[in-house]
Amino acid sequence: MSLSADDLATLGHEALTRAGLPDAEISLRHQRQGIARFGRSVLDQHLDLDEPSVRVRVARGLRVAAASTNTLSIEGLVEALRSADALAAASPEDPFFPGFLGKDAAPVADGSRFDAATAAVGSAERTERLSSVFKALRDAGLSGAGALATSEEAEALLTTSGLDRRHRGTSAAYRIWALETPGAGGASGHGHQLSSAIDALDLSRETERAIRLARLGRDPIALPAGTYDLVLEPAGVAEILDWLSLTSFGAREVDEGSALVAGRRGQAVLGPAISLRDEPLGPTSLVPAFDREGSPRRAVSIVDRGIADEVLFDRRWAKRSGGAVRTTGNAGNYAGADVPVAGALVLGGGDAADADELVRGVTRGLYVCRLHYVNGLLEPRRAVMTGMSRDGAFLIENGQITRPVGNLRFTESIAEASFRVDGLTRTPVLSHSLHSAWFGGNNTIACPAVRFRQFTFTSGSQPPVDLGS
Amino acid sequence: MLAGALSARPVVFPERAAERGTYTTTLEVDPFAVPLAQKLADLLAPHDVLLASPLVRAAESWMDSVRVRKLLLTTEGTRAFQTIVTGGAGMSVVAASDTGVVQRRTYPGFRGSELGQGGYEQITKLDLLGHAESVREEAIALLSAPPCPAGVRTVILGSNQLALQVHESCGHPTELDRALGSEITLAGGSFLQPAMLDRFRYGSPIVSLTADALTPGGLGTFGWDDEGVPAGKAHLVRDGIFVDYLSSRESAAALGRPSTGAMRAEHHARTPVVRMLNVSLEPREGSLEALVADTADGILLDTNKSWSIDDLRLGFQFSCEIAWEIKNGKRVRLLRDAVYEGTTPAFWGACDAICGPEEAKLWGIATCGKGDPGQSMSVGHGAPPARFRGVTVGHS
């Protein structure tokens, strides 16, 4: 069932009216998504989901509380509002609560990225689009895993003070693994693409890429731990940036002192090749034009040619700063906490036409397609992270990719490594933020491929497990 | 029907007799009957203690209570109604020095590991207020502690860290759907392949790991899994040998084995997939302090800070909030930012001591992620502290 933002707003207004609370906010979201997921070259899960999610906040002066529900019945919405009201009555005052936005809030840009064709995609069409994928995998003699997902979202954010924000959008995502042996290791190749429109996805291109990488990845050699020049494809860069965003750019982490940029505005925190911006109104963004508090989103310069610039704020953290800053329109959520987060992080590109050009500048090093299980919590102040290579790691010798390499683990201060970046491709590639996607959000990361000099790998390639031991 | 149109082989789904019954969590105190004012007081009091130092930059205290009512009806005639109540509480504090060192301490364990099945008694037994001062002081002490020195050392994992070690390096690789290649899209496959059953040495002979849905208070405890298989218990590793998987009816049938009843979905709108239950290291004997006293030179690490493991569940790296250096059977100094790495079978093969049942705390993790779309699952881990020889350690 498709629900428009106008439908949600009608429900929200009625719920607020019926609840009769003087100071309340209701955020309604409806997502209709379809996921055709396959493993071992079999379409083994095909879901069509209609999922509403509602969060309400109620304030009694500076006492504020929230409740959530997944029903869109008026009775359920009113019950959620009354639950939040009861909780607010019992809560201590939050001196930093800025109040809810009202009808005088600044206007937002038109941030809708709605593609009617994507919204209309059903199970049969997703299955049909995948049929050529399965044929390509069969012809290549490889097993396949992946998913084709389409989504239509509608949101409405309303307050009793007259705020009324509405958003609709669509997204389409394709991810494919071509595998030598399903589940047991062996060579693997990966492709992925994300867009607001399904017709922008090129399943054939990404499938052929995954197949090509899987073929190239057979019989890898083992490499020892050490420092290597590294060309990292956009998917790997995105995972690093996702963790960097989580730990380093928000007002909460800055206040705690754990953020990379804490106390360092105007200082070189990353290498000069690195410019990071939040571009929620950019052409590839999938987030609404307003944040979780209803503030207009805007472009934010986070790091400008390595120099720490703006910190991400929401209205509460802005008030907590004593009025020194205003919200940057980044009110968000992570793991159940209301914290400022980037909605559409973009790493500025460089001059290299493509990753091959970066490879040509390496005498001996590594080419890594993706990373796995990156963790950025080792030491956020220095952006120390760890993770594994995955789905394609190759030796570069004299400017050419020569042999596949068994996966290695890196442990590196990304901040320090960024000073050894001397090449980026021109065109960014779009990925979902893994952290956002896990919590049902649509935050994205757009980044190019990057060449690092002397990147630290702390564990060498794993030898095969001895079956007979 | 749509999936079948593209399927290369028929699905074998073994029949079972119908199951009928109810399962209900035993509660001492219904958490939903506890007044809100009491709950807030139980959180605010320790929170105030955590903040009582100028070196503290942030503090949090939290509690969760969840009640799930689940009815499973199948065409085989199964009718299973379950009411499962879980809950827990915790707190954390962030301290920072003026030299830029920042340290966090979390109690009772890393956030998200403190849950159990039961009522408000799960929360009160944690005594947040009684531990707040020591948690704060540990965070402050860590600010001036030296980083963990690098080297190859004997390592003792405290109960909370051992729970995550079990989770990542045993629980996940023994998920049969992962081993067979059905879960590549999120976290990969498994080095534990079917041909290795009953012959592969996963760990030393003192290492036995079980999966059960029976342990009272376990987050992975229930009456029936989400395809109607009744709760049971199975060894995954017995005396160091890999012997079984967490499995579903379909996946187990592929190996000619019965399901170990591990098919679970986060909620009604997600397809069940093979998940952990309570995956636990069987305790042996002795207290943690006796184990420390028996260790001439080593590092004791506890409370997970970061986690990373490869897509076959072989090569891992963990860091912990707190560590102590052990010399001649005594903890001699506090260490910070401790990191350790290993390879799963080599690591478990170097396990030479496991504490007794009195030390085997039952942890509950409610945020285990798997599947596409992603699902979180509640799983339990009984985790006695244990000692491992020859482990690579260092600092971040």
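Before reading further, recall that the structure is shown in the block above.
Residues numbered from 1 in each chain as written. Chains lettered and ligands numbered in written order. Predicted model: local features only at pLDDT ≥ 70, side-chain atom pairs only at ≥ 80, totals over all residues. Heavy atoms only, no water.

Asks: Can you help me understand the pattern of salt bridges in this one?
Replies: Where charged atoms from two side chains of opposite charge approach closely, those side chains can pair. All names here are of chain A. What the rule picks out here adds up to 62 salt bridges over all chains. One salt bridge connects Arg-453 with Asp-229, and the closest N-O pair in it is separated by 2.8 Å. Of this pair, Arg-453 sits in strand 21 (residues 450–459) while Asp-229 sits in strand 7 (residues 226–232), and the two are 224 residues apart along the sequence. We note a salt bridge from Arg-420 to Glu-412, for which the minimum N-O separation is 3.1 Å. Look at Arg-420 and you get partly exposed, because its relative accessible area is 27%. By sharing partners, the salt bridges in this structure join Glu-25, Arg-55, Arg-57, Arg-292 and Asp-338 into a single network. (Salt bridge = Lys/Arg side-chain N within 4 Å of Asp/Glu carboxyl O. Helix = DSSP H or I, 4+ residues; strand = E, 2+ residues; numbered from the N terminus. Buried < 20%, exposed > 50% of the residue type's maximum accessible area, 1.4 Å probe, protein only.)

Asks: Help me understand the interface of chain A and chain B in this model?
Replies: The parts lose accessible area when they come together, and the size of an interface is often stated as this lost area. With 63 residues of chain A at the interface, the matching set in chain B holds 68 residues. In total, about 5200 Å² of surface goes out of reach between chain A and chain B, with carbon and sulfur atoms giving 55% of it. Among the residues chain A hides against chain B, the three largest losses belong to Arg-37, Tyr-373 and Trp-438 of chain A. Together they make up 14% of the total. Taken together, the connections running from chain A to chain B amount to 5 salt bridges. The interface formed by chain A and chain B contains 21 residue pairs in polar contact (both at pLDDT 80 or more). It is strand 2 (residues 42–60) of chain A that contributes the most residues to the side of chain A that touches chain B, 8 residues altogether. (Contact = heavy atoms within 4.5 Å. Buried area = accessible area lost by both parts, 1.4 Å probe. Polar contact = N/O pair within 3.5 Å; in protein donor to acceptor, adjacent residues only side chain to side chain.)

Asks: Teacher, can you tell me more about the sheet that holds strand 8 (residues 276–278) of chain A here?
Replies: Backbone hydrogen bonds hold the strands of a sheet together, and the pairing may be parallel or antiparallel. Residue and element names in this part refer to chain A. Strand order across the open sheet formed by 6 strands is 10-9-8-13-20-19, with mixed pairing between neighbours. Both outer strands of the open sheet, strand 10 (307–308) and strand 19 (429–432), are each paired with one neighbouring strand and no more. As judged from the 3 bridges shared by strand 13 (residues 344–347) and strand 20 (residues 444–447), these two strands associate in the parallel manner. Residue pairing in the sheet places Val-346 in a bridge with Ala-446 of strand 20. Relative to strand 20, helix 6 (residues 234–248) is tilted by about 130°, and along the sheet it contacts strand 8, strand 13, strand 19 and strand 20. (Pairing = 2+ DSSP bridges. Axes fitted to C-alpha atoms, helices over the stretch in contact; angles between N-to-C directions.)

Asks: Mind showing me how you'd approach the sheet that holds strand 4 (residues 143–159) of chain A here?
Replies: Residues and elements named next belong to chain A. The strand order 3-2-1-4-5-6 describes an open sheet built from 6 strands, whose pairing is antiparallel. The outermost strands of the open sheet, each flanked by one partner alone, are strand 3 (63–69) and strand 6 (188–195). Taking each pair of neighbouring strands and ignoring which way they run, the sheet shows an average axis angle of 15°. Pairing of strand 1 (residues 24–39) with strand 2 involves 16 bridges; the strand directions are antiparallel. Paired with Arg-29 across the bridge in strand 2 is Ser-53. Across the face of the sheet, helix 5 (residues 203–216) comes into contact with strand 4, strand 5 (164–179) and strand 6 while running at roughly 160° to strand 6.

Asks: Explanation requested: the packing of aromatic side chains in the structure shown.
Replies: The relation between two aromatic rings is expressed through the spacing of the ring centres and the mutual angle of the planes. Scanning all chains against the criterion turns up 17 aromatic pairs over all chains. Between Phe-38 of chain A and Phe-134 of chain A, the aromatic rings sit 5.0 Å apart at their centres with planes inclined by 70°, giving edge-to-face as the arrangement. You can see Phe-38 of chain A sitting in strand 1 and its partner Phe-134 of chain A sitting in helix 4 (residues 123–140), a full 96 residues away along the chain. Just as Phe-38 of chain A is buried, Phe-134 of chain A falls in that class too. With a centroid separation of 6.0 Å and an interplanar angle of 90°, the aromatic rings of Phe-347 of chain B and Trp-348 of chain B are classed as edge-to-face. An aromatic cluster is defined as three or more aromatic residues linked by ring pairs; in this entry it consists of Tyr-202, Phe-316, Phe-318, Tyr-340, Phe-347, Trp-348 and Phe-388 of chain B. Over the ring of Phe-32 of chain B we find Arg-67 of chain B; its NZ or CZ atom is 4.4 Å from the centre of that ring. (Phe/Tyr/Trp six-rings, centres within 6.5 Å; stacked < 30°, edge-to-face > 60°. Lys NZ or Arg CZ within 6 Å of the ring centre and 35° of its normal.)

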